[in-house]
Amino acid sequence: MDGNGRWATRRFLPRVAGHKQGVEALRRCVRACIDRGVGVLTVFAFSSENWNRPVEEVSGLMELMVGALGREIPKLSADGVQLHFIGERGGLSERIIASLVRAEGLTAHNSKLVFNVCFNYGGRWDIARAAAQLAARGEAPTEANLDRAMALSHVPDPDLFIRTGAEQRLSNFLLWQSAYAELFFSDKLWPEFDEAALDAAIAAYGSRERRFGKTSAQLDGGSRDRQPA
Ligand code: IPE
Ligand code: MG
């Protein structure tokens, strides 16, 4: 979710106003995903590197998180959303941690949409943490073991990876999990990312051929290679 700051600056507003609008865009996006039958939504809300921003922006983001959770949980829960917060909890305030844990507990029984909010998260952090866990348990660092130790082991790898804000980079998001994700870069700033923008991303996804290392001919069930019976 990139582009909140630019959205605000273009309107001569403080950056935090852009983040506030970003929360609205996220609310809209969650609803749109439910309406479209998406089973898992994972968003990058705050990166390990975002601590380097001005202190008032960081505290603004933290306040928005606590505020949004306080307000939105009943509605999210009624809509069948199961919340997960993915990221380093050390370094977060007791108050933030308490609100994350509470939100997870209150929505754990839901199953319509698994909604992962990556907060104080980095893709490298996740990989390093998984490797350290395996080492501590004396397990071999195989792909399968690493996969199980990763913070998103409760969901399948993402099919579609959307970045807004006209930047074309991953910025340390889902590095391990996105090995075969289809990438979609939207010129829209995150606060402007609406249903139509989501549908454009899904339509682009639908036109991609996902080969997972195979050839095109292998994908149609091998019918072109098969001998007639
Ligand atoms: C949102 O967009 C990203 C978050 C940290 C929530 P930005 O704040 O990076 O917006 P730009 O890139 O400055 O426009
Ligand atoms: Mg940005």
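In what follows, the structure referred to is the one given above.
Numbering of residues starts from 1 in each chain and follows the order in which that chain's sequence is written. As they are written, the chains are lettered A onward and the ligands numbered 1 onward, keeping that order. For a predicted model such as this one, the threshold for reporting local features is a pLDDT of at least 70, and the threshold for listing and counting side-chain atom pairs is 80 or more; totals across whole chains, interfaces and linings nevertheless cover every residue. Note that water and hydrogens are dropped before the side-chain values are worked out from all heavy atoms of the structure.

1. Quick look at the pairing of strand S2 (residues 81-86)
Worth spelling out the cut-off: Think of it in three bands: with a 1.4 Å probe and only protein chains considered, a residue is buried below 20% of the maximum accessible area for its type, exposed above 50%, and partly exposed in between. By definition, any uninterrupted DSSP run of H or I lasting at least four residues is a helix, any uninterrupted run of E lasting at least two residues is a strand, and each is numbered from the N terminus. Strand pairing follows a simple DSSP-based rule, namely that at least 2 bridges must link the two strands.
By the criterion of burial, S2 is predominantly enclosed, with six of the six residues buried. Residues Val81, Leu83 and Phe85 point to one face of S2 and Gln82, His84 and Ile86 to the other, with burial holding for every one of them. Summarising the sheet, S2 and strand S3 (residues 113-121) pair through six bridges and their orientation is parallel. Its bridge partner lying in S3, His84 is registered against Asn116.

2. Things to note about the site of ligand 1
For clarity, the cut-off: Each residue is tested against the molecule or strand, and it is near if at least one of its non-hydrogen atoms lies within 4 Å. Whenever two N or O atoms come within 3.5 Å, that pair is a polar contact, provided that in protein one can donate a hydrogen and the other can accept it, and provided that, for residues adjacent in sequence, both atoms are side-chain atoms. All accessible areas in this document rest on Shrake-Rupley with a 1.4 Å probe, and a residue is counted as covered only by the protein chains that are shown.
Taken together, Met1, Asp2, Gly3, Asn4, Gly5, Arg6, Arg15, His19, Ala45, Asn50, Arg53 and Glu57 make up the full set of residues near ligand 1. Residue Asn4 places a main-chain N or O atom 3.1 Å away from an oxygen atom belonging to ligand 1. Contacts to ligand 1 include Arg15, whose side-chain N or O atom sits 2.9 Å from an oxygen atom. Taken by itself ligand 1 offers 390 Å² of open surface, and the protein chains cover 86% of this. Among the elements that make up the shell around ligand 1, the one with the highest residue count is helix H1 (residues 4-9) (three residues).

3. Regarding the nonpolar core
This is how it is decided: Think of a nonpolar core as a cluster: buried Ala, Val, Leu, Ile, Met, Phe, Trp, Tyr and Cys residues, connected wherever their side-chain atoms sit within 4.5 Å. Contact criterion: two residues are considered in contact whenever any of their non-hydrogen atoms come within 4.5 Å of each other.
Formed by 33 residues in total, the largest nonpolar core has its most connected members in Val30, Leu69, Leu83, Phe85, Leu113 and Phe115. When residues of this core are traced back to their parent elements, those giving at least two are helix H2 (15-35), strand S1 (40-47), helix H3 (55-78), S2, helix H4 (94-107), S3 and helix H7 (195-206). Counting residues per element, this core draws most heavily on H3, at eight residues. Contacts of Phe115, omitting those with residues within four sequence positions, involve Leu26, Val30, Leu41, Val43, Val81, Gln82, Leu83 and His84. Core analysis: the next-biggest nonpolar cluster, separate from the first, contains 13 residues, Tyr121, Ala151, Val155 and Phe173 among them.

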